[in-house]
Amino acid sequence: MSEAAEKKEVSRSTFREKLAAKAFNRWLDDYEKNPEKFEHTWATVRRHLKQKAAGVEPTYGEKCVEMLNWYIDELAAEEAGTDAEVP
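Quick caveat, the model's predicted, so the values are computed rather than measured.

A.B. asks: Residue-level account of the nonpolar core, with values.
C.D. replies: Judged by nonpolar contacts, Leu19, Ala23, Trp27, Phe38, Cys64, Leu68, Trp70, Tyr71, Ile72 and Leu75 together constitute the single largest core of 10 residues. Contributing elements (two or more residues each) for this core: helix H1 (3-33) and helix H3 (60-80). The element that contributes the greatest number of residues to this core is H3, accounting for 6 residues.

A.B. asks: Could you give an account of the packing of aromatic side chains, with specific residues and numbers?
C.D. replies: Enumeration over the complete set of coordinates arrives at 4 aromatic pairs. Summarising the aromatic geometry, the rings of Tyr31 and Phe38 are spaced 5.4 Å apart at their centres and angled 70° between planes, so their arrangement reads as edge-to-face. Tyr31 sits in the partly exposed class, given a relative accessible area of 42%. Judged by relative accessible area, which is 10%, Phe38 ranks as buried. Taken together, Phe24, Trp27, Trp70 and Tyr71 form an aromatic cluster joined through their ring pairs.

A.B. asks: Which residues make up the pattern of salt bridges, and what are the values?
C.D. replies: Enumeration over the complete set of coordinates arrives at 4 salt bridges. Between Glu74 and Arg26 there is a salt bridge, and its shortest N-O distance comes to 2.9 Å. Here the residue Glu74 occupies a position in helix H3, and Arg26 occupies one in helix H1, the gap between them amounting to 48 residues. For Glu74, a relative accessible area of 17% puts it in the buried group. Notably, a salt bridge pairs Lys37 with Asp30, separated by 3.7 Å at the nearest N-O pair. Look at the salt bridges and you will find they share partners, linking Arg26, Glu74 and Glu78 into a network.

Thresholds, definitions, all that
Residues numbered from 1 in each chain as written. Predicted model: local features only at pLDDT ≥ 70, side-chain atom pairs only at ≥ 80, totals over all residues. Heavy atoms only, no water. Core = buried A, V, L, I, M, F, W, Y, C linked by side-chain atoms within 4.5 Å. Buried < 20%, exposed > 50% of the residue type's maximum accessible area, 1.4 Å probe, protein only. Helix = DSSP H or I, 4+ residues; strand = E, 2+ residues; numbered from the N terminus. Phe/Tyr/Trp six-rings, centres within 6.5 Å; stacked < 30°, edge-to-face > 60°. Salt bridge = Lys/Arg side-chain N within 4 Å of Asp/Glu carboxyl O.

Listed below in structure tokens is the structure:
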């Protein structure tokens, strides 16, 4: 890989990390402002524990990725001046 390509890859990686950090901060801000929006969390914990006990791969991580991607899309849309679709 050329030096320019390496710099571009590092820059892209740094951008993704910063965007992910902003998304996690937004996620927590939403929780602080609207805790009732997250009341389903205990149901999610129970489902996760049941899946593990049954020897099934838990789906929690998949749902987290969906939510993280939504927050990232929301932040990107704000920067672009458009609206993100709610999952």
